[in-house]
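Coordinate analysis (summary)
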2 protein chains.
Amino acid sequence: MFQSFKDIADPSKGGPRVARLRKELKSRNLAAFLVPHADEHQNEYVPPNAERLSWLTGFTGSAGIAIVGTGSAALFVDGRYTLQAPGQVDTRVFDILQIPRSKPTDWLKETLKKGEALGYDPRLHTIKAIERMQKAADDAGLRIIPQDENLIDAIWKGRPAPPRAPVTLHPLKYSGEPAAKKIARIHKQLMKAKVGAVILTLPESIAWLLNIRGRDVPHTPLPLCFAIIPAKGKPELFIEPKKLSANVRRTLARDVKLRKPEDLSSALTALGNTNSKVQLDPDTASQWFEDQLKGALTEIVHGADPCIALKAKKNKIEIAGTRAAHKRDGVAMCRFLAWLDANAPSGKLDEIGAAKKLEAFRRQTGALKEISFDTISGAGANGAIVHYRVSESTNATLKPGTLYLVDSGAQYLDGTTDITRTIAIGEPTKNMRRHFTLVLKGHIGVGAARFPKDTRGVDLDPLARAPLWDAGLDFDHGTGHGVGSYLSVHEGPQSISKRGMVALEPGMIISNEPGYYRKGDYGIRIENLVLVTPARKVKGGERPMMSMETLTLAPIDRRLIDASLLTRNELKWLNAYHARVLKEIGPELKGKDKAWLEQATEPLEAT
Amino acid sequence: MFQSFKDIADPSKGGPRVARLRKELKSRNLAAFLVPHADEHQNEYVPPNAERLSWLTGFTGSAGIAIVGTGSAALFVDGRYTLQAPGQVDTRVFDILQIPRSKPTDWLKETLKKGEALGYDPRLHTIKAIERMQKAADDAGLRIIPQDENLIDAIWKGRPAPPRAPVTLHPLKYSGEPAAKKIARIHKQLMKAKVGAVILTLPESIAWLLNIRGRDVPHTPLPLCFAIIPAKGKPELFIEPKKLSANVRRTLARDVKLRKPEDLSSALTALGNTNSKVQLDPDTASQWFEDQLKGALTEIVHGADPCIALKAKKNKIEIAGTRAAHKRDGVAMCRFLAWLDANAPSGKLDEIGAAKKLEAFRRQTGALKEISFDTISGAGANGAIVHYRVSESTNATLKPGTLYLVDSGAQYLDGTTDITRTIAIGEPTKNMRRHFTLVLKGHIGVGAARFPKDTRGVDLDPLARAPLWDAGLDFDHGTGHGVGSYLSVHEGPQSISKRGMVALEPGMIISNEPGYYRKGDYGIRIENLVLVTPARKVKGGERPMMSMETLTLAPIDRRLIDASLLTRNELKWLNAYHARVLKEIGPELKGKDKAWLEQATEPLEAT
């Protein structure tokens, strides 16, 4: 299994560990220290040696920050984790506060006295984050002081070693473009902007640029590393040599200079003396890089990591790959859904059993490298918890008369998948069907959309919500996130959300996942990945338009659809989608699975 | 008439005037001078003495900027005016360039040499605009130098005197809130923000705050003036005393200190010595204010003019007023539309005649104070010019088989209106009906929308476009702008557009005006004003929602609607709207007008 269902909450260690941390504060004359859930790359999934926040507090959520002062301590989490955190954390030691209602900067202003010092590890905070923190500190008369050594590392006995998983080459048949060509594209950008070099701190950017993958963090095939890309000549790649086989080293050496991670600091110093502009991404690079370059001859230019925008637009080979990956994943999903329909009526299936079975079907494809995130397997009320993680203690059975929500994905060499289906277990209520159909209308609103050049995610987000708004309902997450090509399941710069200000362009992959959540009762989400494409011309059309090619191939539960709520065009979209699923997946299935798919994709009739 | 149809283009004067301006450049050692279409208040409509751009170039558009260098000169206009400008301007003297494709800053970089000086009048450019200009100048090694005297004023013989129209009091029965209470609300905001004073440079803000109106510019009832609002105590109002009758003076003096415009500079100097924060709006205040305060003891804080947000949310009295104004205006519009239908078949009506007739019907209400902008009266192909201004030379007849677009509005004491109707003259083509119905679908998408708290205009804009997008069409303007209460017909901060990042709130008035333009053929726009209101609760609704109350009351041309393209809900909305128009306007009409309204509002049946 790529997923653990263990209960990992252990609040008992927080007290003694905070006590030890306070000794460190004292010895360094600090009034508080920041402990974020972050590694040096701002990865979504961090390696075990960077799990400082959970080591200190017990909290295992994917986002959060603790501040430990000499007399009090607080853990800041967002709305997703306000239920989970108190179960994992000793609340006598940590106040648990909700972001953004409570702000770390406000806590610092209230807790620390003028002139006192706040310590932080400059490798774990972005330039932008420290800029905000510095402003708040200035307002409150506090000092904020970078620490050479992370205070947690100083007291963490048995801290795991940094990961050293082998790096693999991501061959041209998947990447579609040689590293040399990608590097040339960056060179061109840098020359045009008159920038001497750009520093890359995101492993996913470097993995894309150099066509390499790794296994240093869970779920995302990342090799942890840094890179400096000069405007001319070979990039320098800072990576642990032990991760590289002779073959990988040889291949990489054609395009880059291989250097050890410990050389990074001196390389930055050398770069600082070049008297040219150096570009850093203030939203993703850590303050440590800014500190290394500050005061040097070079001028620091803030700008987005150039790989982010390039990587988002998939090339033809990547597009062919993602289509193949989605077809393969669709077969596994269909077999899982057929199995679910056959076995759920027993009332004996549970969330863990279902998640295991789904992973087993994906393994049977013979191509599964990882799951792209911990499967969200939520029965009944658990489905209403948007970021639900099933564990042994929460594991619920799938009972007739409830809904089951399963959000999962796979990492294949040719593509990354992410799909959510909501399934009726037994007979659904009228309300369940109504809510499901409203979510489906929103899903179709995005999936069937045609839109002109310069349309941004923010311009499509309302199409996913309007049917729910009309019924006095809404959902509290974005409609879609970008998805990588055998890389991060969440990638920018595009998103379909209130903050999605980046124009959508052909080649971008994005999720389409509106939902509805009825606390204590059920959750509904319908998620397909879609590919932005130039649209087929329609009669009388005057402007070139874009549209969405749906990549994900698995039936949407017909038993939950009230066709009377659909317009003719919505019904047409749904039936065409199901016909396509049958056509593409049907030939890959046999026997009962095939029969199941045939009935699951039967056209719905207008009422 | 509140509108002139004269041909005002006279390109012949540009040459000699530019020659005189170049002498001024030389005598001041300047390489170029900026001539924007702007007055000291950044008004949309400027008084005659501020029409420097049209005096110099001949160009009469509502936006644009000229740069005159020693050897060459350029006029920058946006896409609305690329056809109009060359007809009004001597193109041997001015290069006409389109913003944003061409940028004044780029022109300066290309035209001026390093070290040369660009002059500008600091009273006519916002702080933000000069900030951008300064940055470009720094990049190019140019100097930019504020000029005490505007160079145009120095050479403009017979320049009109500043306007001195009498100020009127805007009574409580229209404003709904005494000036003292509004001032108290600003006081509270300033105290909370620890700001010592805010400077108001927008006459519409001051008019709203002090419940006064004026007649200093066309169409908008503005009294030109400035104000300083301290966090405590009486605001200072800088206004020409000759504009104030004894009664107005007495009433105003209860709430403000009346001061002469020429005292403003010394008042700012005094303010600069108060050692407190002074707030300036960098998007609306001119650089001159920043210059007056810079280097003084006081700290300048940049922040939005606080009246803008307060003014946008109409109170109960203003809402009752706008409803009355729209009913009154609806009667005039219905009589006009009935007249049009009766007379258009003759094929003898023309654009000017129609515009005059419409104004006449509005005058007959006995309440018309002004039209809120020059009526756009566009027959056939002229309707496709979004900001068309009919003049004697362009005046077209309304021919059978064409569309006629009329966008107009009125200023009444109780409210400002703005309405566009597109009317079939004779038999419309199938395409006209299809395009009109697609625009109508978008109009209903916004007009019938329900949406949650924090929804911004940007989130509604796509609802107006999706039906057009689906057909491969779109329109190149925003969907809606805010509207004042017997004030500006275009006001912020809200808008329904790609840039509408301000949350909509109950009490805001906004236009809903999607369109479609077929160059050389016809234009379609359907515009109602709507009021944001809390929404009626629907069964099963869980969240409080907002919706739109349509204020405008006039039939939408049924002959142009293809009901087969409407959904059941869209048809329901349309029929309910027409039933309401009949119910509210019908009793005010007689004879033929009433009969016309009855047939114009008959329910459409589903096909």
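You'll find the structure just up there.
Thresholds, definitions, all that
Residues numbered from 1 in each chain as written. Chains lettered and ligands numbered in written order. Predicted model: local features only at pLDDT ≥ 70, side-chain atom pairs only at ≥ 80, totals over all residues. Heavy atoms only, no water. Helix = DSSP H or I, 4+ residues; strand = E, 2+ residues; numbered from the N terminus. Buried < 20%, exposed > 50% of the residue type's maximum accessible area, 1.4 Å probe, protein only. Pairing = 2+ DSSP bridges. Axes fitted to C-alpha atoms, helices over the stretch in contact; angles between N-to-C directions. Contact = heavy atoms within 4.5 Å. Least-squares fit on C-alpha atoms with pLDDT ≥ 70 in both. Phe/Tyr/Trp six-rings, centres within 6.5 Å; stacked < 30°, edge-to-face > 60°. Lys NZ or Arg CZ within 6 Å of the ring centre and 35° of its normal. Parallel < 35°, antiparallel > 145°, perpendicular 65-115°, else oblique. Left-handed = near helix turned anticlockwise from the far one by under 90°. Nonpolar A, V, L, I, M, F, W, Y, C, P; charged D, E, K, R; others polar. Buried area = accessible area lost by both parts, 1.4 Å probe. Salt bridge = Lys/Arg side-chain N within 4 Å of Asp/Glu carboxyl O. Polar contact = N/O pair within 3.5 Å; in protein donor to acceptor, adjacent residues only side chain to side chain.

To continue, consider the environment of Thr269 of chain A. Residues and elements named next belong to chain A. Structurally, the position occupied by Thr269 is in helix H11 (residues 264-272). When its relative accessible area of 41% is taken as the criterion, Thr269 is described as partly exposed. Between the C-alpha atoms of Thr269 and Leu293, which are 24 residues apart in sequence, the distance is 6.7 Å.

Residues and elements named next belong to chain B. Within the open sheet, the three strands sit side by side as E16-E17-E20. Their pairing is antiparallel. The sheet terminates laterally at strand E16 (376-379) and strand E20 (419-425), the two strands that pair on one side only. Shown here is a sheet whose adjacent strand axes are inclined to one another by a mean of 10°, direction ignored. Where strand E17 (residues 402-408) lies against E20, seven bridges are found, and the strand directions are antiparallel. Bridge pairing in E20 places Thr402 opposite Ile425. In this fold helix H14 (residues 316-343) packs onto E17 and E20, with an angle of close to 15° to the strand it touches most, E20.

With that settled, the discussion passes to the relation of the copies chain A and chain B. Rotating chain A by 180° about the axis while translating it 0.1 Å along that axis superimposes it on chain B, leaving an RMSD of 0.1 Å. Put plainly, the chains are arranged around a two-fold axis. With an isologous cut-off of 70% or more, the 100% of interface residues of chain A that recur at the interface of chain B puts this contact in the isologous class.

Take the packing of aromatic side chains next. Centre distance and the angle of the planes are the two values used to describe a pair of aromatic rings. Considering all chains together, one arrives at 14 aromatic pairs over all chains under this definition. Seen in terms of ring centroids, Trp573 of chain B and Tyr577 of chain B are 5.4 Å apart; in terms of plane orientation they differ by 10°. Their pairing is stacked. Placement of both Trp573 of chain B and Tyr577 of chain B in helix H18 (residues 568-585) is noted, with a separation of four residues, approximately one turn of the helix. Residue Trp573 of chain B is classed as buried on the basis of its relative accessible area of 14%. Feature note: the residues Phe226, Trp288 and Phe289 of chain A constitute an aromatic cluster, connected by ring pairs. One Lys or Arg, Arg123 of chain A, reaches over the ring of Trp288 of chain A and ends 4.1 Å from the middle of that ring. Seen from the ring of Tyr412 of chain A, Arg328 of chain A lies directly overhead, with NZ or CZ sitting 4.9 Å from the centre.

Residues and elements named next belong to chain B. Taken N-terminus to C-terminus, the directions of H18 and helix H19 (residues 591-600) make an angle of 160°; their axes are 9 Å apart at the nearest point. Taken together, the axes of H18 and H19 are roughly antiparallel relative to one another. For the pair H18 and H19, the crossing hand works out as left-handed. Each of His578, Val581, Leu582 and Ile585 in H18 lies in contact with H19, whose residues at this interface are Leu597, Glu598 and Ala600. Taken together, the residues that form the contact of H18 with H19 break down as five nonpolar, one polar and one charged.

All right, on to the packing of helix H4 (residues 104-111) of chain B against helix H5 (residues 127-140) of chain B then. Each packed pair of helices is defined by two parameters, the angle between the axes and the distance between the axes. Residues and elements named next belong to chain B. Remark: H4 packs on H5, axes separated minimally by 10 Å, with the N-to-C direction vectors making an angle of 25°. Between H4 and H5, the angle falls in the class roughly parallel. Taken as a pair, H4 and H5 cross one another with a handedness that is right-handed. Note on element contacts: H5 touches H4 through Met133, Ala136, Asp139 and Ala140, opposite Thr105, Leu108 and Lys109.

Further remarks concern the interface of chain A and chain B. Taken residue by residue, the interface counts 35 residues in chain A and 35 residues in chain B. Of the roughly 2,700 Å² buried between chain A and chain B on both sides combined, carbon and sulfur atoms contribute 47%. It is Trp469, Lys498 and Arg543 of chain A that lose the most area in chain A upon contact with chain B, and together they represent 23% of the buried surface on that side. The interface formed by chain A and chain B holds six salt bridges in total. Put simply, Arg543 of chain A and Asp476 of chain B hold a salt bridge, and the shortest N to O gap is 2.9 Å. Remark: the boundary between chain A and chain B carries 20 residue pairs in polar contact (both at pLDDT 80 or more). When contributions to the side of chain A that touches chain B are tallied by element, the ones reaching two or more residues are strand E21 (450-452), helix H17 (457-470) and strand E25 (515-518) of chain A. Here the element with the most residues in the side of chain A that touches chain B is H17 of chain A; it accounts for eight residues. Residues that form the side of chain A that touches chain B fall into these classes: 16 nonpolar, five polar and 14 charged.

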